[in-house]
Amino acid sequence: MPTLDEQRQQAALAWLASGCELSIGDASRLPCPPEALAALTPSSTGVHRHVASGLTGDVYELRLHGQHLAVKVARTESRVRNLDGETAFVNELLRHQELATARDAGAALPGILHAHYGSLRHRLLVTPWVDGGPPDLSDARVLRQLFNTGVHLHLAGHFEWDWSPGNLLDDGQQVWLFDFGYQYRFDPLTQFNSAGDGLSCPQHHLVERLGARCVFAALLDTETTWGLAAAVAQFTQFQALGLAAMQLLHAQLAQRGAQAKPLQTLQDWRSKAGTALACDPATAYRCEGWVAHLTDVLDDLHGQSCDPRTLQRLDWLQQVLHQHAAALQAAGLLNQPPSAMQAQLLQYQAQAQQWQLAPGGSAR
Ligand SMILES: Nc1ncnc2c1ncn2[C@@H]1O[C@H](COP(=O)(O)OP(=O)(O)O)[C@@H](O)[C@H]1O
Ligand SMILES: [Mg+2]
């Protein structure tokens, strides 16, 4: 039986091979024809900014005929060198199409940016320009909104894997998620996420994904600048709000008639995370951080898309292994002796140095 990942990869490749157009939205409402948008350059009329940092494509801030838009022109070759990277753009268009249908049917999708137009043939995605900055992950309002977005996506059967800060913008009122290249479908009533057979990878869920892609990166900075106590306090806030979000998700899924298995998986995580946080927040921080940083490092290595942050994560892992190997072992997080793990981390470090992307190319 193919995994859910294999199934959606095959479906995405079939789309690409078919040469069929996949379009969303209404081209007649754009300020100029899709062909002209697809041919934008930094010096085109109306282009205020060119963001070249994405791994999938170039993004232009366009102010034209009273409209203020983000125009993403996808590259023919993604800078994430694996099947998920190659299929990210068609995947993103499919998600936009499904989310538009869900929204039309009345689904609440807070914080999800609605696309005006998308086209596979033109390799184009047009969204409203969000005037905002990176989310402050120590702000409870920001965290509540991110969790709220994640809960509603989960209920709609969309599992977002890539909550990286480069895919989020805070306009001061609302945090917006606008990149759906790594958002996959699953059935929330029978499955827990979009990996394996939907139940076989219980380690991946909303709190884990937000932690690995986003919050633990910010915690590295907090720990470096303000020290361990500040990082533990910030982690505690994140985890407590995550627990509240997962409680809400559990209640909503139960109300909708979800099967016992996904509900039980959710419940198991809640009890374990709740107990760990209540017992010893500093140890919980190190253990969750260990998993989060390791997962993210492996992800970067897999896509050969590393950046200075990958190396910073590896430094943190080496330091925690050096000072707290016993706690990691007690939590069942080391499946080899500390010395072997140390050698493994050094090997990852050498690879991460080799696969550094050119500057400006780190946000997925
Ligand atoms: N709607 C938008 N409003 C403002 N900025 C945007 C918008 N969409 C994209 N961007 C900018 O472009 C960058 C890359 O966009 P993204 O959709 O994440 O592309 P990629 O798939 O290449 O990662 C973002 O990090 C952000 O700075
Ligand atoms: Mg992105």
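What this report covers is the structure whose coordinates are included nearby. The structure displayed is predicted, hence computed values, not measured ones.

## Considering the nonpolar core
- By size, the foremost hydrophobic cluster in this structure holds 46 residues, and its most contacted members are Leu168, Trp176, Leu210, Val215, Phe235 and Met246.
- Beyond its immediate stretch of four places on either side in the chain, leucine 210 contacts Leu146, Gly150, Trp163 and Val215.
- Among the nonpolar cores identified, the runner-up in size contains 27 residues, and Ile24, Val73, Leu94 and Val126 belong to it.

## Observations regarding the pairing of strand β3 (residues 57-64)
- Here strand β2 (residues 47-51) runs beside β3; their pairing, made up of four bridges, is antiparallel. Bridge pairing in β3 links histidine 50 to tyrosine 60.
- Taking the residues between adjacent antiparallel strands as the criterion, β3 and strand β4 (residues 67-74) are bridged by two residues, where histidine 65 takes a positive phi near 50°.

## Thoughts on the site of ligand 1
- Taken together, 21 residues surround ligand 1, and among them Gly54, Thr56, Val59, Ala70 and Asp179 come closest.
- Among the elements of the structure, β3 and β4 are those that each provide at least two residues to the shell around ligand 1.
- Among the residues forming the shell around ligand 1, the class breakdown is 10 nonpolar, eight polar and three charged.

## Details of helix α4 (residues 88-104)
- A rise of 1.5 Å per residue sets the reference length of α4, with its 17 residues, at 24 Å; its end C-alpha atoms lie 24 Å apart and thus fit the reference within 8%.
- Among all positions of α4, only Ala88, Phe89, Val90, Asn91, Glu92, Leu93, Leu94, Arg95, His96 and Leu99 are buried.
- Downstream of α4 by a residue or two, glycine 106 has a phi angle that is positive, lying close to 105°.

Conventions we followed
Residues numbered from 1 in each chain as written. Chains lettered and ligands numbered in written order. Predicted model: local features only at pLDDT ≥ 70, side-chain atom pairs only at ≥ 80, totals over all residues. Core = buried A, V, L, I, M, F, W, Y, C linked by C-beta atoms within 7 Å. Buried ≥ 20, exposed ≤ 12 C-beta atoms within 10 Å, placed from the backbone. Contact = placed C-beta atoms within 7 Å. Pairing = 2+ DSSP bridges. Helix = DSSP H or I, 4+ residues; strand = E, 2+ residues; numbered from the N terminus. Near = placed C-beta within 6 Å. Nonpolar A, V, L, I, M, F, W, Y, C, P; charged D, E, K, R; others polar. Expected span 1.5 Å × (residues − 1).

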